[in-house]
Amino acid sequence: MRGQRMSIHSMTTWLKRQPPKVKAFLAVISGMAALVLLRFIVHDHDNLFVAAEAVHSLGISVLIYKLIKEKTCAGLSLKSQELTAIFLAVRLYCSFVMEYDIHTLLDFATFVTTMWVIYMIRFKLKASYMEEKDNFAIYYVVIPCAVLALLIHPSTSHHLLNRIFWAFCVYLEAVSVLPQLRVMQNTKIVEPFTAHYVFALGVARFLSCAHWVLQVLDTRGHLLVALGYGLWPPMVLISEIVQTFILADFCYYYVKSVFGGQLVLRLPSGVH
């Protein structure tokens, strides 16, 4: 075990010394290798989406445990939860008027849980809320997402306003975790339950992204055609990839911390 930790330490030390371009290249290569592995291991790629939902639910369960048992919301971003509630509310509306399925029920359950988390942070556990650390201006992401949705949205037969709403929730979901990462960047020290929650989000996002990428490969690109024409199909895929890469850096330090036997995650300067 000690030799394994030394090997991991040597590898992480080597990675730290590499320039940003090399790190980005290695991250892309690692992601592609993971996709190839999943393609051969998971025969029904729809199971990846189910797995993503399951991991996300696990992360929410950890968050609920933190709020109920630990009775503290320290380290959590209220703004990230509010952004999550916004895109879920818009997606629920779109699901009801455009396409109602089992995912609508899953989104509803997540929305109710998110609203409960917001209530706990705002009222029950307000004394432990780190408001000065949660200083990400959400209009920096809401306004660009709204403008992008006006310009690039699905080309289906649904009402134009509904198509714009659908695009808005896709774009907003991709960046909704940014305030949470800002809080962790400001504090530098992340307690275990918050770290588990954010890591679960990262894994869920990777599985969801893998689902989309592998579906596109399996259908030889026909899935993108089914989504419509123009810039919207690639933007859906790009949004999935953006979500994954936003959380990739944190997940790296999380895994490093776990293998190093550390219960509390310490982030170096510049991690965001």
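- Looking at an unreviewed UniProt entry, one finds the protein chain named ER lumen protein-retaining receptor, with Arachis hypogaea as its source organism.
- The protein chain has a UniProt comment under Sequence similarities (unreviewed entry) that states "Belongs to the ERD2 family."

### Section: the overall build of the protein chain
- Secondary structure assignment for the protein chain yields 11 helices and two strands.
- Counting all 272 residues of the protein chain, 42% fall into the buried class.
- Long-range pairs, those at least 24 residues apart, make up 77% of the contacts in the protein chain with a sequence separation of at least 6.
- For the protein chain, the exposed surface amounts to about 15000 Å²; the carbon and sulfur share of it is 68%.

### Things to note about the UniProt feature "transmembrane region" (unreviewed entry) in the protein chain
- The residues that UniProt annotates with the feature "transmembrane region" (unreviewed entry) are residues 21–42, 104–123, 135–152, 164–181, 193–214 and 234–255.
- Annotated as 89% helix and 0% strand, the span residues 164–181 places its first and last C-alpha atoms 27 Å apart.
- Along residues 193–214 one finds 100% helix and 0% strand; the C-alpha atoms at either end are 31 Å apart.

### Some points on the pattern of salt bridges
- One pass over the full model with this rule turns up six salt bridges.
- Between K66 and E191 there is a salt bridge, with the nearest N and O atoms lying 2.8 Å from each other. Within this pair, whereas K66 is found in helix 3 (residues 46–70), its partner E191 is found in the loop between strand 1 (189–190) and helix 9 (192–218), the two being separated by 125 residues in sequence.
- Accessibility expressed as a relative area gives 2% for K66, which makes it buried.
- Here E173 makes a salt bridge to R91, at a shortest N to O gap of 2.9 Å. Pair noted here: E173 is in helix 7 (residues 160–175) and R91 is in helix 4 (residues 78–97), with a separation of 82 residues, a long-range link.
- Look at E173 and you get buried, because its relative accessible area is 13%.
- Because the salt bridges share partners, they merge into one network encompassing R91, D107, E173, R205 and E240.

### Regarding helix 7
- The terminal C-alpha atoms of helix 7 lie 23 Å apart, and with 16 residues this matches the ideal 22 Å at 1.5 Å per residue to within 8%.
- The buried fraction of helix 7 amounts to 12 of the 16 residues, a majority that puts the element mostly inside the structure.
- Burial in helix 7 covers these residues: N162, R163, I164, A167, F168, C169, V170, Y171, L172, E173, A174 and V175.

Conventions we followed
Think of each chain on its own: its residues are numbered from 1, step by step along the sequence as written. Where totals are concerned, whole chains, interfaces and linings use all residues; where local detail is concerned, this predicted model gives features only for residues with pLDDT of at least 70, and gives and counts side-chain atom pairs only at 80 or more. Only heavy atoms go into the side-chain values, all of them from the structure, while hydrogens and water stay out. UniProt positions are given in the numbering used here, feature names are shortened, and annotations may be inferred rather than shown by experiment. Runs of H or I in DSSP of at least four residues are treated as helices and runs of E of at least two as strands, each being numbered from the N terminus. Burial classification: accessible surface area is computed with a 1.4 Å probe over protein chains only, and a residue below 20% of its type maximum counts as buried, one above 50% as exposed, and the rest as partly exposed. We call two residues contacting when some pair of their heavy atoms lies within 4.5 Å. A 1.4 Å probe and the Shrake-Rupley method give the accessible areas. Residues count as covered only by the protein chains that appear here. By salt bridge we mean one thing: a side-chain nitrogen of Lys or Arg within 4 Å of a carboxyl oxygen of Asp or Glu. How far a helix is expected to stretch is found by multiplying one less than its residue total by 1.5 Å.

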